[in-house]
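Spelled out, the chains give:
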Amino acid sequence: MDRNYALDYARAIMLCVGIPYHVACAYYIGGGWVVDSGQPSLLATLITSSMHAFRMHGFFILSGFLASMVLARRGVTIWIMDRARRLLMPAILATLVLGPICIYTQAYAHIPDAGRSMQRVSGAFFIGWDFHTWFLYTLFGYCLMLAAIRHVAFRAIDQGLARLAEWRAWPPGWVAMLAIMVFLTVWTMAPPAWQDLAGRNAFADYIYEWLLYLPLFLTGVLAQRSKAIAKLVFQPSMAGIRVGVACIAAYVACDLFQKSGCAAGGRCTAPFLFVEDAVRAMSGLFGACAFFGVIHRLSPKPHAAVSYLVSGSLVMYLFHLPAVMIAVYLFRFVDLPPIVEMAIINVIVMAFVVLVFEVVRRNRWLCLVFNGGQVRPEVNLRWIWRSNGSPLQA
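Just so it is clear, the model here is predicted, and its values are computed rather than measured. (Residues numbered from 1 in each chain as written. Predicted model: local features only at pLDDT ≥ 70, side-chain atom pairs only at ≥ 80, totals over all residues. Heavy atoms only, no water.)

Residues L178, V182, V186, M189, F274 and V275 make up a contiguous nonpolar surface patch of about 520 Å² in total accessible area. At 3 residues, helix 8 (residues 172–187) tops the list of elements feeding residues into the nonpolar patch. Here F274 lies in helix 13 (residues 270–297). (Patch = residues over 30% accessible without salt bridge, like charges linked within 9 Å, V, L, I, M, F, W, Y side chains within 5 Å. Areas by Shrake-Rupley, 256 points an atom, 1.4 Å probe, with all protein chains shown as cover. Salt bridge = Lys/Arg side-chain N within 4 Å of Asp/Glu carboxyl O. Helix = DSSP H or I, 4+ residues; strand = E, 2+ residues; numbered from the N terminus.)

A word on the confidence of the model for the protein. The share of residues in the protein with pLDDT of 70 or more is 88%, and the mean pLDDT across the chain is 84. By mean pLDDT, helix 18 (residues 382–387) is the weakest element of the protein at 57, and helix 16 (residues 338–361) is the strongest at 95. (pLDDT = per-residue confidence, 0-100.)

Next up on the list: the pattern of salt bridges. Close approach of charged atoms allows side chains of opposite charge to pair. Going through the model one piece at a time under the given rule, you end up with 6 salt bridges. Between R74 and D82 there is a salt bridge, with the nearest N and O atoms lying 3.7 Å from each other. Each of R74, D82, R83 and R85 takes part in one network of salt bridges that share partners.

Let's shift gears to the packing of aromatic side chains. All told, the structure shown has 20 aromatic pairs when counted by the stated rule. Where Y329 meets F333, the ring centres are 5.4 Å apart and the plane angle is 85°; that geometry is what we call edge-to-face. Overall, the relative accessible area of 15% leaves Y329 in the buried class. By the ring-pair criterion, three or more aromatic residues cluster together here, those being F59, F60, W134, F135, Y142, W210, Y213, F217 and Y317. (Phe/Tyr/Trp six-rings, centres within 6.5 Å; stacked < 30°, edge-to-face > 60°. Buried < 20%, exposed > 50% of the residue type's maximum accessible area, 1.4 Å probe, protein only.)

Let us now look at the environment of P191. Looking at the secondary structure, you find P191 in helix 9 (residues 190–198). For P191, a relative accessible area of 2% puts it in the buried group. Residues P191 and L211, spaced 20 residues apart in sequence, show a C-alpha to C-alpha distance of 5.8 Å. The contact partners of P191, leaving out residues within four places of it in the chain, are Y208, L211 and L212. (Contact = heavy atoms within 4.5 Å.)

Moving on: the environment of T219. Here T219 lies in helix 10 (residues 202–225). For T219, a relative accessible area of 1% translates into the label buried. T219 sits 156 residues away from S63 along the chain, and the two C-alpha atoms are 9.9 Å apart. If near-sequence neighbours (up to four positions away) are discounted, T219 is found in contact with I180, V233 and L285.

What follows concerns the packing of helix 4 (residues 76–110) against helix 5 (residues 114–123). At a closest axis distance of 8 Å, the pairing of helix 4 and helix 5 adopts a crossing angle of 135°. Taken together, the axes of helix 4 and helix 5 lie oblique to each other. When the axes of helix 4 and helix 5 are compared, the crossing they make is right-handed. Seen from helix 4, the contacting residues are P100, I103, Y104, Q106, A107 and Y108; seen from helix 5, they are A114, S117, M118, R120 and V121. (Axes fitted to C-alpha atoms, helices over the stretch in contact; angles between N-to-C directions. Parallel < 35°, antiparallel > 145°, perpendicular 65-115°, else oblique. Left-handed = near helix turned anticlockwise from the far one by under 90°.)

Spelled out as structure tokens, the structure:
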């Protein structure tokens, strides 16, 4: 099967926008992020809301698609062992190494007292250290679930899609997407209901995240089993792209209203919160599809920079958040406009994670710890300079 380079571009872009997303979170109107800049910015709020509308949703759709594709080719045991090495082991070790740095920085940024910050680190041992590694734990949980129900799920999906194909009234892909949309709307009640039932604790938060993104992962699985659904998800028409952009705009509007209107009124009403959750679900699905569609329409070719970012995606993801937190705290002592600060922090953090990846990929043990093994495919930073922007054949 020919490699779909558009998906590589999507992975690389979603990785790169994670840095400006978390930088913008620090300048969000209303604050509330782990390290607040103290300089609220409307531009940062728009960046945060628009990226939050589809970025992680797109990650989980793509993860479900790739997981289903690889699982169909390999045995369950081999695949689970590979996922444990590539996801679970880096997640645990990064939590142990980088988690204390994150929680210390968060505590020190609120109250600059080294002793109290260290107490916060020890008091939240491991369970409270998973600032951004939750994504890897959740993804590994989805992989375990998919492996456990593989035969039953694949058979049910294939039979259901075959029956849709026999029903000539509507194209099966559209019927499936409509069913996904209805399911997502109804499913929006599940995570809040779980939160009300279980309360707020570490275990309940894990389950909340697991429930929140499960439909998106399963959408990726469906797309892998059906060419019609895959085309709607990864190669939507211009009308589909416009729907996705409209959904993202609707979510941004809801988010801004929540921060301004609800704050002025004291509290958002339950109907508004349900509508906001439904809009978030729709923007997650259709916004991600629009993003994939735009990338596909650019007809990307293999490129050295994209291959480099894809190869370093896990390492860069693990190290970018503590770097962003520290940089945001240090820029509290610099009096610059928010947009200038954000631009400088983005450049610094991107350079830092590239440097870390260069160190990690050269050391076998660091590769094992933070990447789950050898970097795949083998990359070299000099490729980018040599290619001068020209395509490289894989």
